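Inside the fold
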Amino acid sequence: MNSSRIALVTGANQGLGRALVEGLAARMEPDDLVLLTGRDHQRVTVAAQEVGLMPGTRARVEGRVLNVTHTDAVAGLADDLRARYGGVDIIISNAVARLLPEESQAERADEFIDVSNTATHTILRAFGPVLQPGGRLLVVASSLGTLGHLDPRLHHLFDGASLDQVEYAVKSWRSAIHHGTAQEAGWPLWLNVPSKVAQVAAVRAVAAERRAHDLAAGTLIASVCPGMVDTATSRPWFRDYSQAQTPAQAAEAVLDLVFTEHDPALYGELVRFGKALDWHDGTPPVEQDRMVTP
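First, a word on scope: everything that follows refers to the structure included in this document. Note that the structure is a prediction, hence the values are computed from the model and not measured.

This next bit is on the sheet that holds strand 2 (residues 33–38). Sheet strands line up and pair through hydrogen bonds in the backbone, either parallel or antiparallel. Reading across from one edge, 3-2-1-4-5-6-7-8 is the order of the eight strands in this open sheet, with mixed pairing throughout. Of all strands in the sheet, those bounded by a partner on one side alone are strand 3 (60–65) and strand 8 (275–276). In terms of strand pairing, strand 4 (residues 88–93) meets strand 5 (residues 131–140) through five bridges, oriented parallel. Opposite serine 93, over in strand 5, you have valine 139 as the bridge partner. Contacts between helix 1 (residues 15–27) and the sheet are confined to strand 1 (6–9), strand 2, strand 3, strand 4 and strand 5, with strand 1 contributing the most and set at about 165° to the helix.

In structure tokens, the structure reads:
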């Protein structure tokens, strides 16, 4: 069993993911290891080297090529880390597909759902079993992930659902998009809302199964909203980004959740700036008005 701590961040070669790696590397110990992952080998390699040379970096930083939409690759990495180190102490799932306001939501649905939802399910299934006692497994989501942002006709699909049921709901949503029946069933045109609700519901499902054991061990599984962040992915969706955080600023609240003592009230919840958001809160967005604060 490895005595040092192992951290893993997906979607980490730029933006918030890169900032999370930088923050972990600064807060962890010299014997600890932070794995920076992404799809592109060159970008991952360069980013890991740059973070490793930054002033204030203490932990070791290594790059790993990982496409989170490849289920076998995710499962293989989880198995490898268990074999090498006994498990993982910190997992932050941050991968996201970039989508522009002028692009067709329906045409980009498969890629968006694969990266945001199918990958979330895969990471929860693969890395949940290798999460060390007292560890942290966080899925970066959004305040749009509360149930009230969906049409009430859809609430039963996610409220109190198991991970299998969340996965089935996402497949049904995807199918409705392809068949042109999504709107009549209550699904919004804007992919981000059902995607984020499904992410949060998936985390809640896994947490519900593990709650007693994890609370006893001081382990935290949660989804997290970093707030408005000025990145290439999010900037096109802001009307006014003057109050947006830099990635480094946004990473601080997420990292505080990683390193502060576990608060049982946050377990399984969607957490924003250290406080749990009401799962049933929110109102469905107006389709013509997609520029909202995360």
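With that out of the way, let us pick up the pattern of salt bridges. Scanning the model with the defined rule gives 18 salt bridges in all. Between arginine 82 and aspartate 79 there is a salt bridge; the shortest N-O distance is 3.7 Å. Placement of both arginine 82 and aspartate 79 in helix 3 (residues 71–85) is noted, with a separation of three residues, approximately one turn of the helix. Classification of aspartate 79 by relative accessible area gives partly exposed; the value is 45%. A salt bridge links arginine 125 to aspartate 164; its shortest N-O distance comes to 2.9 Å. Of this pair, arginine 125 sits in helix 4 (residues 109–127) while aspartate 164 sits in helix 6 (residues 163–179), placing them 39 residues apart in sequence. Among the charged side chains, a salt-bridge network with shared partners connects Arg18, Glu22 and Glu50.

A few words now on the packing of helix 1 against helix 9 (residues 247–259). Direction vectors running N to C along helix 1 and helix 9 enclose 50°, while the axes themselves pass 8 Å from each other. Our classification of the angle between helix 1 and helix 9 gives oblique. The way helix 1 lies across helix 9 gives a crossing that is right-handed. Taken together, the residues of helix 9 that come into contact with helix 1 (itself represented by Gly15, Leu16, Ala19, Leu20, Gly23, Leu24 and Arg27) are Pro247, Ala248, Ala250, Ala251, Glu252, Val254, Leu255, Asp256, Val258 and Phe259. By residue class, the composition of the contact of helix 1 with helix 9 is twelve nonpolar, two polar and three charged.

Conventions adopted
- Residues numbered from 1 in each chain as written.
- Predicted model: local features only at pLDDT ≥ 70, side-chain atom pairs only at ≥ 80, totals over all residues.
- Heavy atoms only, no water.
- Pairing = 2+ DSSP bridges.
- Helix = DSSP H or I, 4+ residues; strand = E, 2+ residues; numbered from the N terminus.
- Contact = heavy atoms within 4.5 Å.
- Axes fitted to C-alpha atoms, helices over the stretch in contact; angles between N-to-C directions.
- Salt bridge = Lys/Arg side-chain N within 4 Å of Asp/Glu carboxyl O.
- Buried < 20%, exposed > 50% of the residue type's maximum accessible area, 1.4 Å probe, protein only.
- Parallel < 35°, antiparallel > 145°, perpendicular 65-115°, else oblique.
- Left-handed = near helix turned anticlockwise from the far one by under 90°.
- Nonpolar A, V, L, I, M, F, W, Y, C, P; charged D, E, K, R; others polar.

Everything listed here is a matter of coordinates, which is why it stays silent on function.
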